[in-house]
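Chains, contacts and geometry: an overview
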Amino acid sequence: MIDPSILRTDPDSLRESQRRRGEDVTLIDRLVEADVAKRAAGLRFDELRSAQKEIGKQIGPLQGSLKKTPDAAKQAELDALMAQASTLADQVKAASAEADEMQALADALWLQVSNVVSLESPVGGEADFTVIEHVGTPRDFAAEGFEPRDHLDIGEILDAIDTGRGAKVSGSRFFYLKGMGAQLEFALLNLAMQQAAENGFIPMITPSLVLPSAMEGTGFLGQAAENVYRVESDDMYLVGTSEVPLAAYHSDEIIDVAELPLRYAGWSSCFRREAGSYGKDTRGIIRVHQFDKVEMFVFTTPEEAEAEHARLLQWEKDFIDALEIPYRVIDVATGDLGSSAARKFDIEAWIPTQQAYREITSTSNTTEFQARRLKIRLRDEQGVRPLATLNGTLCAMPRIIVAILENHQQPDGSVVLPHALRPFLGGKAAFTPRA
RNA sequence: GGAGGCGUCGCCUAGUCCGGUCUAUGGCGCCGCACUGCUAAUGCGGUUUGGGUUUCAACACCCAUCGGGAGUUCAAAUCUCCCCGCCUCCGCCA
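These numbers come from a predicted model, not from an experiment.

Describing the packing of helix 8 (residues 180–198) against helix 11 (residues 305–322)
At a minimum axis separation of 11 Å, helix 8 and helix 11 run at an interaxial angle of 140 degrees. It follows that helix 8 is oblique to helix 11 by the angle criterion. Considering the relative orientation of helix 8 and helix 11, their crossing is right-handed. Between helix 8 and helix 11, the contacting residues are Leu188, Leu191, Ala192 and Gln195 on the first element and Trp315, Asp318 and Phe319 on the second. Looking at side-chain class alone, the contact of helix 8 with helix 11 contains five nonpolar, one polar and one charged residues.

What to know about the sheet that holds strand 6 (residues 229–231)
The pairing of strands in a sheet happens through backbone hydrogen bonds and is either parallel or antiparallel. With antiparallel pairing, the three strands of this open sheet are ordered in space as 5-7-6. In this open sheet, the two edge strands, each paired with only one partner strand, are strand 5 (209–210) and strand 6. Alignment of strand 6 against strand 7 (residues 236–238), held across three bridges, turns out to be antiparallel. The residue of strand 7 that forms the bridge with Val231 is Met236.

Structural notes on the packing of aromatic side chains
Scanning the model with the defined rule gives six aromatic pairs in all. On the basis of an interplanar angle of 90 degrees and a centroid distance of 5.2 Å, the ring pair of Phe141 and Phe146 is categorised as edge-to-face. The class of Phe141 is buried, set by a relative accessible area of 6%. Here the aromatic rings of Phe297 and Phe299 are separated by 5.1 Å at their centres, their planes lie at 65 degrees, and the arrangement is edge-to-face. Among the residues examined, Phe297 registers a relative accessible area of 0% and is labelled buried. Taken together, Tyr249, Tyr264, Phe297 and Phe299 form an aromatic cluster joined through their ring pairs.

A look at the pairing of strand 13 (residues 356–365)
Counting buried residues in strand 13 gives eight out of 10 residues, a clear majority hidden from the surface. Where strand 12 (residues 343–351) lies against strand 13, nine bridges are found, and the strand directions are antiparallel. Residue pairing across strands places Asp346 opposite Ser362, the latter belonging to strand 13. If you look at the hairpin formed by strand 12 and strand 13, you'll find four residues sitting between the two strands, and Gln355 has a positive phi there, around 50 degrees. Bridge count for strand 13 against strand 16 (residues 388–396) is three bridges, and the pairing is antiparallel. Residue pairing for strand 16: Ser364 is matched across the bridge by Asn391.

A few points about the protein's contact with RNA strand B
In the vicinity of RNA strand B lie 21 residues, with Arg8, Arg49, Lys53, Gln63 and Arg377 positioned nearest. Per the 4 Å cut-off to the protein, sugar and phosphate atoms form 68% of the nearby atoms of RNA strand B. One nitrogen or oxygen atom from the side chain of Arg8 is found 2.8 Å from a phosphate oxygen belonging to RNA strand B. Here Gly56 contributes a backbone N or O atom positioned 3.2 Å from a base nitrogen of RNA strand B. At 12 residues, the largest contribution of residues to the surface near RNA strand B is made by helix 3 (residues 26–68).

Here's the deal with the nonpolar core
In globular proteins that are soluble, nonpolar side chains generally tend to be buried together. Counting residues in each nonpolar core, the largest one holds 58 residues, and the members touching the most others are Leu184, Leu188, Val294, Phe319, Leu323, Ile404 and Leu421. Looking at which element gives the most residues to this core, the answer is helix 8, with nine residues. For Leu323, the residues in contact, after removing those within four places along its chain, are Leu188, Leu191, Ile400, Ile404, His408, Pro418 and Leu421. By size, the runner-up hydrophobic cluster in this structure holds 22 residues, among which are Met215, Val239, Leu246 and Ala247.

Procedures and definitions
- Residues numbered from 1 in each chain as written.
- Chains lettered and ligands numbered in written order.
- Predicted model: local features only at pLDDT ≥ 70, side-chain atom pairs only at ≥ 80, totals over all residues.
- Heavy atoms only, no water.
- Axes fitted to C-alpha atoms, helices over the stretch in contact; angles between N-to-C directions.
- Helix = DSSP H or I, 4+ residues; strand = E, 2+ residues; numbered from the N terminus.
- Parallel < 35°, antiparallel > 145°, perpendicular 65-115°, else oblique.
- Left-handed = near helix turned anticlockwise from the far one by under 90°.
- Contact = heavy atoms within 4.5 Å.
- Nonpolar A, V, L, I, M, F, W, Y, C, P; charged D, E, K, R; others polar.
- Pairing = 2+ DSSP bridges.
- Phe/Tyr/Trp six-rings, centres within 6.5 Å; stacked < 30°, edge-to-face > 60°.
- Buried < 20%, exposed > 50% of the residue type's maximum accessible area, 1.4 Å probe, protein only.
- Near = heavy atom within 4 Å.
- Polar contact = N/O pair within 3.5 Å; in protein donor to acceptor, adjacent residues only side chain to side chain.
- Core = buried A, V, L, I, M, F, W, Y, C linked by side-chain atoms within 4.5 Å.

This is how it looks when you write it as structure tokens:
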């Protein structure tokens, strides 16, 4: 949700944002209308209720005195008041229902409005991103004299990835990490958490099942709803990222500005239905239904949000740098932001066998959007007001593993390990196939 | 899963039996002012959150808010019902 007062002061900025996203602009007009109706109905209720309370205040004492000393004139006065109060009660009831209805209508419309996009974001669809920079140089396998294998071939040579049995047990897009594959994930987890801790993040292990309010509050039940697993028997959702439980962690709280920024590094399994991606990335573990991820999540002041966003991106780069993977950074276009982000940067790793850059991290500035929905506020000298939240991927396991296996492979199928990872793997310099 | 207890505006707490100046008591903490070499102590005042009216703004005022929802009533923190959460004990369990 965004600041409702913008609707009265500057509705055009909302229309412009909707236009840039390629979303419904007339939604704003309906919202303006609903907002006016809501306030009018609320005012009617307030006034009637005030009158009702006024009469109620007279009834009590009057009844009290009548109890002690009966008095015909006072009794008549009381009867009149009661009659008046009775009709007023009916009017209050009707006005209350009306006000509730108008409120619900406006709320429902608000939930459909995505965050206001940053004016810095490139305008357009998925393909209209701008490339901010390239880091590292892709290896020239031709010059090295061999054809690179894709991550699944390497994973199978090392007996580290088993998608066949994943499918047998759980269906397509499920996999097992085995032996060196599992060790690699644990090493990555440790490296990621070590870096996060050094940068002031509090490590967190979060719930994977959440209530609807948490899912709604983080903005995942809008356009992204089809990719969310719902557990019908208990009306809960499986999270697609620990962003959800991390954001909701402070819901309904007011945080003193001295506590900010609050930085959390969450570790969780992530579940995604991947609806609408039939036929895409069907081989290997680039696109799967369940994976593990270390996610950075920050609560900070709206004023600091943009600078924090830059820091998150830098920390993501630091991590990928440490893994010696070539990549590029893109500024995601307005039409591809997701409903809660005002601005988003993705890091895309070079995947040799695809001759393409593929997304491995994503960091979003969600400004006050999630905080308003989840009722997370800060308190400072200005008073109580919404804070800003941001998120960024530190290490999404399967895609990082893909990038490591493909970029660091050797002709015999072995994989040289990035130096930063070796301390977490008993000093080992490479994974080599068992003879 | 069973039995019992509890949920009040940051924290603790009074109020709930028996509905009506509850406009929710008191303490702690916090903020401001006064006093004071400084600090402490003391005194006075303020301190839930959200919506709205008015205003340049502030002040002021109105409404809602006692875990959530529904109901009874002229009137609900208080009575009734449903739900949620926490605690204790029992059962089951990694």
